[in-house]
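Here is what each chain is made of, one letter per residue.
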Amino acid sequence: MSLWEYANPKKFMETTGWLLPWLTALTALTLGGGLVWGFFLTPDADRFGSTVKILYVHVPSAFIAINAWVMMLVTSLIWLVRRHHVSVLAARAAAPVGMVMTLIALFTGAVWGEPMWGTWWAWDPRLTAFLILFLFYLGYLALWAAIENPDTAADLTSVLCLVGSVFAFLSRYAVYFWAQGLHQGASLSVDRAQHVADVYAYPLWLTMAGFVFLFLTLVFVRTRTEIRARRLSALVARERKAA
Amino acid sequence: MSALLLRDLRLAVRAGGGFGLSLAFFLILAVLVPFGVGPDRERLALIAPGILWVGALLAALLSLDRLFQLDWEDGSLEALATAPLPMEGAVAMKAAAHWLTTGLPLVALSPVLGVLLNLAPAGYVWLPLSLLAGTPALSMIGAFGAALTVGVKRGGLLLSLLVLPLYVPTLIFGAEAARRGAEGLPALPILLMVAAISLAACAALPFAAAAAIRVSLR
């Protein structure tokens, strides 16, 4: 019994097919519970007022946005080294989810920034790094869409993901350096997660778990769709050959 | 290797297209910016290093899609793949040819355009220096992007979408070095960062680009 068994599409389909209903229920439970708890059962914060409740969407989505890319990096590497199709399909499945999470984080951040900082957007290092991450997702998906041969596309996007990870990482630190050089320190960004009181931290942990489960559910569903699409195109190709 | 380099240089200079055009583009950009932001000399001096860096970056981007595309279309890329020279070396030479025909002329042209944009006196040293340190990275990263999109029909737009995010660190450090230099702040450490990015890109990216080309030729 090893992890690589799940690289077999059949085994993967069986396992995820069994797992998905439970995962969906778990997602609904944790995400719904966390959001309800966070939105309705916690007091307003002193300085933030009720805007503090954006926290429950903003932080988990940002967390997923970054970790979706990390997951894509790992699965791309596995594809390049071990040539497991499920792996690269999972990377492809995770990309749109990660991109949407990046957008959600940026959007909720803007909505939060308007009342708190008085601006929708500032060239703060964190915000900028996220915008760049969004561009990386965009390029990755565009490359997938542009190439017809699935294996060529898988190889090229995986190489892009590896190189892109290095540059995304570099950009993140470059941006910190750049914004400090311009604005004398990132005075706008507070490390929120570390400074929240327990009242807010517990529901936040719950929504974090909810977003992780949501991400897993979506990636599984999308990977299954990709696998089925592959099977379908293989069938069509075989049919055409026979005819 | 040198034969390949010379061939690419000759092609770039004689066949028209990339070589002069990206320089002309750089010039036009520097002319257009004052129309956009107004002729106020102080404002121009403030943004000159950044504008010239962005301009150089876009000019380098402009000629990238020709890097492998023409060789791909007429089959010489396949001939190169079967040649005794490893693909990594071929890619590095192509990037070097691109740098010699766009990067280096951009470096030479940048002080002239600095006059148009009222660059601060110290900037005439630091802007070309920072471009000299940074443009190799632009060419090499661009060669990687061109290698990724070599099999894509009309991949020019896709190429810019892939390459521009990768240019971010180089641009940040390069423009910062030029800006600090122009303002008389210590710029050497940042210049060294730019050079480090260039060297790392030249050392590592030929392998990634060659892998991408091999996949496309498969």
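Look up a bit, the structure's there.
In this report, the structure presented in the accompanying data block is examined. (Residues numbered from 1 in each chain as written. Chains lettered and ligands numbered in written order. Predicted model: local features only at pLDDT ≥ 70, side-chain atom pairs only at ≥ 80, totals over all residues.)

### So, the overall build of chain A
Point 1. A count of helical and extended segments in chain A gives seven helices and zero strands.
Point 2. Going residue by residue from the N terminus, the α and β elements of chain A occur as α-α-α-α-α-α-α.
Point 3. Considering chain A as a whole, with its 243 residues, one finds that 40% of them fall into the buried category.
Point 4. Long-range contacts, defined as pairs at least 24 residues apart, comprise 79% of the intrachain contacts of chain A with a sequence gap of at least 6. (Helix = DSSP H or I, 4+ residues; strand = E, 2+ residues; numbered from the N terminus. Buried ≥ 20, exposed ≤ 12 C-beta atoms within 10 Å, placed from the backbone. Contact = placed C-beta atoms within 7 Å.)

### Here's the deal with helix α7 (residues 123–148) of chain B
Point 1. Given a rise of 1.5 Å per residue, 26 residues ought to cover 38 Å, and the 36 Å separating the end C-alpha atoms of α7 of chain B matches this to within 8%.
Point 2. A bend of about 35 degrees at G134 of chain B is the largest found in α7 of chain B, and the proline P136 of chain B appears one to four places after it. (Expected span 1.5 Å × (residues − 1). Bend = angle between axes of the 7 residues up to and from the residue.)

### Some remarks on the environment of L127 of chain A
Residues and elements named next belong to chain A.
Point 1. Counting through the fold element by element, L127 comes out in helix α4 (residues 125–146).
Point 2. Judged by C-beta crowding, with 21 C-beta atoms within 10 Å, L127 ranks as buried.
Point 3. Once the C-alpha coordinates of L127 and A105 are considered, the two residues, 22 residues apart in sequence, prove to be 9.3 Å apart.
Point 4. Other than its neighbours up to four places away in sequence, L127 contacts G109, W121 and A122.

### What about the interface of chain A and chain B?
Reports of interface size often rely on the accessible area that becomes lost once the parts have come together.
Point 1. Taken residue by residue, the interface counts 23 residues in chain A and 21 residues in chain B.
Point 2. Residue assignment for the side of chain A that touches chain B shows that the elements contributing at least two residues are α4 and α5 (150–183) of chain A.
Point 3. A per-class count over the side of chain A that touches chain B returns 17 nonpolar, five polar and one charged. (Nonpolar A, V, L, I, M, F, W, Y, C, P; charged D, E, K, R; others polar.)

### Topic: unusual backbone geometry
Point 1. Positive phi outside glycine occurs at R83 of chain A, with the angle close to 55 degrees.
Point 2. Along the polypeptide, R83 of chain A turns up in the loop between α2 (55–82) and α3 (85–117).
Point 3. For R83 of chain A, a count of 13 C-beta atoms within 10 Å gives the class partly exposed.
Point 4. Even without a glycine there, the phi angle at N118 of chain B is positive, about 55 degrees.
Point 5. Here N118 of chain B shows up in the loop between α6 (87–116) and α7.

### Considering the packing of helix α3 (residues 41–62) of chain B against helix α8 (residues 156–183) of chain B
Axis angle and axis distance: for two packed helices, these are the angle between their axes and the distance between the axes, and together they describe the pair.
Residue and element names in this part refer to chain B.
Point 1. With their axes 9 Å apart at the nearest point, α3 and α8 run at an angle of 150 degrees to one another. For the element pair α3 / α8, the angle class is roughly antiparallel. In this structure, α3 meets α8 at a crossing whose hand is right-handed. From α3, P49, G50, W53, L57 and L61 reach across to α8, where they touch S160, V163, Y167, L171, G174, A175, A178, R179 and A182.
Point 2. Looking at the contact of α3 with α8, its residues break down into ten nonpolar, three polar and one charged. (Axes fitted to C-alpha atoms, helices over the stretch in contact; angles between N-to-C directions. Parallel < 35°, antiparallel > 145°, perpendicular 65-115°, else oblique. Left-handed = near helix turned anticlockwise from the far one by under 90°.)

These values are about where atoms sit, not about what they do.
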